[in-house]
Amino acid sequence: MSMAVVGMIAGMALGFAGYFGGFGAFLLVAALGAVGFIAGRFLEGDLEPGDFFRTRGHRRDRGR
């Protein structure tokens, strides 16, 4: 499935939630969609848990 179709389906779901459930339902659907997207990226192997949990001191020195 192309990313355009996935985006269209997500937009339609958000539109239905906003129309029938109000702004609170819109925000809930958007937040759960973001959580599902991140979980899917983890399961596909595109993200690692360390991408979110690195400390600020973990930066590489850039010639200093």
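Position labels on residues start from 1 in each chain and follow its written sequence. For this predicted model, a pLDDT threshold of at least 70 governs which residues receive local features, and a threshold of 80 or more governs which side-chain atom pairs are given and counted, while totals over whole chains, interfaces and linings are taken from all residues. Neither water nor hydrogens contribute to the side-chain values; these are computed over all heavy atoms in the structure.

Visitor: Can you help me understand the overall build of the protein in this one?
Guide: Scanning the protein from N- to C-terminus turns up one helix and zero strands. A simple rule labels every residue: compare its accessible area, found with a 1.4 Å probe on the protein chains alone, to the largest value its type can have, and call it buried under 20%, exposed over 50%, or partly exposed in between. Buried positions account for 2% of the 64 residues belonging to the protein. We get accessible surface area from the Shrake-Rupley algorithm with a probe of 1.4 Å; when it comes to residues, only the shown protein chains can shield them. A total of about 5800 Å² of accessible surface is found on the protein, and carbon and sulfur atoms cover 65% of it. Helix and strand definitions here come from DSSP, where helices need a minimum of 4 consecutive H or I residues and strands a minimum of 2 consecutive E residues; each element is numbered from the N-terminal end.

Visitor: Teacher, can you tell me more about a nonpolar patch on the surface here?
Guide: On the surface, M1, M3, V5, V6, M8, I9, M12, F16, Y19 and F20 cluster together to form a nonpolar patch covering roughly 1200 Å² of accessible area. Topologically, M3 is positioned in helix 1 (residues 3–44). With a relative accessible area of 64%, M3 lands in the exposed category. Think of a patch as exposed residues, more than 30% relative accessible area, with no salt bridge, where like charges cluster within 9 Å and nonpolar side chains (Val, Leu, Ile, Met, Phe, Trp, Tyr) cluster within 5 Å. Salt bridge, as used here, is a side-chain nitrogen of Lys or Arg placed within 4 Å of a carboxyl oxygen of Asp or Glu.

Visitor: What should I look at first to understand the packing of aromatic side chains in this one?
Guide: The description of an aromatic ring pair uses the distance of the two centres, along with the angle that the planes make with each other. Pairing of aromatic side chains here covers Phe, Tyr and the six-membered ring of Trp, requires ring centres within 6.5 Å, and sorts the geometry by plane angle: under 30 degrees stacked, over 60 edge-to-face, intermediate tilted. Under the counting rule described, the total for this entry stands at three aromatic pairs. Look at Y19 and F20: their rings are 4.9 Å apart centre to centre, the planes differ by 85°, and that puts the pair in the edge-to-face class. Classification of F20 as exposed rests on a relative accessible area of 62%. With 6.0 Å between their ring centres and 20° between their planes, F23 and F26 make a pair best called stacked. Here F23 pairs with F26, and both are found in helix 1, just three residues apart, close to one helical turn.

Visitor: Can you help me understand helix 1 in this one?
Guide: In an α-helix, one turn spans 3.6 residues; hence positions three or four apart end up facing the same way. Helix length check: helix 1, at 42 residues, gives a terminal C-alpha distance of 15 Å against a target of 62 Å (1.5 Å per residue), a shortfall beyond 12%. Bend, in this description, refers to the angle at a residue between axes fitted to the seven residues ending there and the seven starting there. Taken as a whole, helix 1 carries its principal kink of about 145° at G21. The first or second residue beyond helix 1 is G45, which carries a positive phi of 90°. Between the first and last residue of a helix there are one fewer steps than residues, each counted as 1.5 Å, and that sum is the expected span.

Visitor: Sorry, what's going on with the environment of V29 here?
Guide: Mapped onto the elements of the fold, V29 is located in helix 1. Note on V29: relative accessible area 32%, which makes it partly exposed. As for V29 and A17, which are separated by twelve residues in sequence, their C-alpha atoms are 7.0 Å apart. With sequence-adjacent residues up to four places away left out, V29 is seen in contact with A13, L14 and A17. Should any heavy atoms of two residues lie within 4.5 Å, those residues are considered in contact.

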